[in-house]
Amino acid sequence: MARGWPLILLLPLLLFPFHSAGWGQAKDLLLRVLLKEVPLGQEVPLALPQGEVVVRGMGEGVAVEGRVQPFWDLAVPYFRLEGRPYRGGVRLLVQGERLLLVNLVPLEDYLLGVLPGEMPQGFPLEALKAQAVVARTFAVNRLNPRAPYDLCASELCQVYLGLGAETARHREAVAATQGQVLSYGGRAISALYHADSGGMTAGSEEVFGNALPYLRPRPDPYARGPKSAWRLRLTPEAASRALASLGRTPKGQDPPQVLERSPSGRAWRVRLLGVEVQGPEAGRLLRLMGLPSALAEFEGWEAAGRGAGHGVGLSQWGAKGMAEAGYAYREILGHYFPGTFLSDLLLAEPPFPGALARLP
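Residues numbered from 1 in each chain as written. Predicted model: local features only at pLDDT ≥ 70, side-chain atom pairs only at ≥ 80, totals over all residues. Heavy atoms only, no water.

Peer 1: Just checking my understanding: could you explain the sheet that holds strand S18 (residues 267-272) for this structure?
Peer 2: One key point about sheets: their strands pair by backbone hydrogen bonds, in either a parallel or an antiparallel sense. With respect to topology, 3 strands assemble into an open sheet ordered S17-S18-S19, the strand pairing being antiparallel. Sheet topology places strand S17 (257-261) and strand S19 (275-278) at the edges, where each strand pairs with a single neighbour. Across this sheet, the average inter-strand angle for adjacent strands is 20°, counted without regard to direction. Sheet contacts for helix H6 (residues 280-288): S18 and S19; angle to S18, the most-contacted strand, approximately 60°. (Pairing = 2+ DSSP bridges. Helix = DSSP H or I, 4+ residues; strand = E, 2+ residues; numbered from the N terminus. Axes fitted to C-alpha atoms, helices over the stretch in contact; angles between N-to-C directions. Contact = heavy atoms within 4.5 Å.)

Right under this line is the structure:
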């Protein structure tokens, strides 16, 4: 069984630091990150500090070196799975017909393996700090004690590369922002991010259907990346496959046409192959067709557009440009998440409410 989770509190940053030895810190927060799932019966070798063990999921539980238990928590400082080292321990449990291998890792240690997968170490330090805060907030927002794990290790959650990917520069960014998260209304926000906004970020409702006050369309003039402008040749076959992925059947042969745009300029109503798609589904359709973003226009089957990714929240190439222009990470975060607070993540009740430090 999963251990009890501590009370999580978001304390807005004080104008003058307050120190108390009795408070638990964010580094103590343990995350459960799914690294791998395999069918029952399949053997998986794990390299532990004391040597290699072979694990296997079974109907009655998990077998480790022939000994079966309902689940295992291997409390080790590090381990290696498929040649990749990870900080922390590992939980082995069966869900349905699958064996789950879950990394039990402190939040700050987890971030050391996330930042290298999400932002190059060559980006300015202030951009890396902004990414660290956003990645930390994303993780905290995904905590779910009722689920067998909180996060996955792929781009479906956040790319998590483990101990072997850590760099000194990424460690500096994590340490400089230790415990800091973005909050709104006293809760960690849905801290979304993408590669390149193409010059304008998207409102959350344009992509996910839910309008959040801190995820609004924002001009992003500093975004300059390899996908800031692109052209792509499409085919009717690719369009047909994309429609099928959405459960739609082609009814004609006409090329894509944008009939309506969202407030950020992204495709909001699209017609192609005799089918009309609108709302967030229109953007998904274009991405299923292989377009880097929904900031696109069409000339027949030729697409031209700007940016890469869904466009909501922090633009990583925009953060790089802002940092190069002299903006600090607090200003970068304030631009992409207006109305939010930069808060300290603590694990106990505070002795008194502090003054708020609101981001612009």
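Moving on from the model shown.
Peer 1: Would you mind going over the pairing of strand S5 (residues 61-64) with me for this structure?
Peer 2: Along any regular strand, the residues point their side chains to alternate faces of the sheet. Taken together, the 4 bridges between strand S4 (residues 51-58) and S5 define a ladder with antiparallel strand orientation. If you follow Met 58 over to S5, its bridge partner there is Gly 61. Judged from the 3 bridges that link them, S5 and strand S6 (residues 67-69) form a sheet pairing that is antiparallel. Bridge pairing links Val 64 to Arg 67 in S6. With antiparallel pairing between neighbouring strands as the criterion, S5 and S6 make up a hairpin whose turn holds 2 residues, including Glu 65 at a positive phi of roughly 55°.

Peer 1: What exactly am I supposed to notice about the side chain of Asn 103 here?
Peer 2: Along the chain, Asn 103 falls in strand S11 (residues 98-106). Reaching out from Asn 103, the side chain makes a polar contact with the backbone oxygen of Arg 87 at a distance of 3.0 Å. For Asn 103, the residues in contact, after removing those within four places along its chain, are Leu 31, Arg 32, Val 33, Leu 35, Phe 79, Tyr 86, Arg 87, Gly 88, Gly 89 and Tyr 160. (Polar contact = N/O pair within 3.5 Å; in protein donor to acceptor, adjacent residues only side chain to side chain.)

Peer 1: Can you help me understand the pattern of salt bridges in this one?
Peer 2: It is possible for side chains of opposite charge to pair when their charged atoms get near one another. Under the defined criterion, the tally for this structure stands at 16 salt bridges. Here the salt bridges do not stand alone but share partners, grouping Arg 87, Glu 166 and Arg 171 into one network. (Salt bridge = Lys/Arg side-chain N within 4 Å of Asp/Glu carboxyl O.)

Peer 1: What am I meant to see in the packing of helix H2 (residues 125-141) against helix H3 (residues 168-176) here?
Peer 2: A pair of packed helices is captured by two measures, namely the crossing angle of their axes and the spacing between those axes. Running from N to C, H2 and H3 cross one another at 60°; their axes reach a closest spacing of 8 Å. The orientation of H2 relative to H3 falls into the category oblique. For H2 against H3, the interelement crossing comes out right-handed. Two secondary-structure elements touch here, H2 through Leu 125, Leu 128, Lys 129, Ala 132 and Arg 136 and H3 through Arg 169, His 170, Glu 172, Ala 173, Val 174 and Ala 176. The residue makeup of the contact of H2 with H3, split by class, is 6 nonpolar, 1 polar and 4 charged. (Parallel < 35°, antiparallel > 145°, perpendicular 65-115°, else oblique. Left-handed = near helix turned anticlockwise from the far one by under 90°. Nonpolar A, V, L, I, M, F, W, Y, C, P; charged D, E, K, R; others polar.)

Peer 1: Please explain helix H1 (residues 107-118) as it appears in this structure.
Peer 2: Quick reminder: α-helices carry 3.6 residues per turn. Residues three or four places apart thus point the same way. Across its 12 residues, H1 extends 16 Å between first and last C-alpha, which sits within 8% of the 16 Å expected from 1.5 Å per residue. Within H1, 10 of the 12 residues are buried, leaving the element largely enclosed by the surrounding structure. Residues of H1 that are buried include every one of Leu 107, Glu 108, Tyr 110, Leu 111, Leu 112, Gly 113, Val 114, Leu 115, Pro 116 and Glu 118, and no others. (Expected span 1.5 Å × (residues − 1). Buried < 20%, exposed > 50% of the residue type's maximum accessible area, 1.4 Å probe, protein only.)

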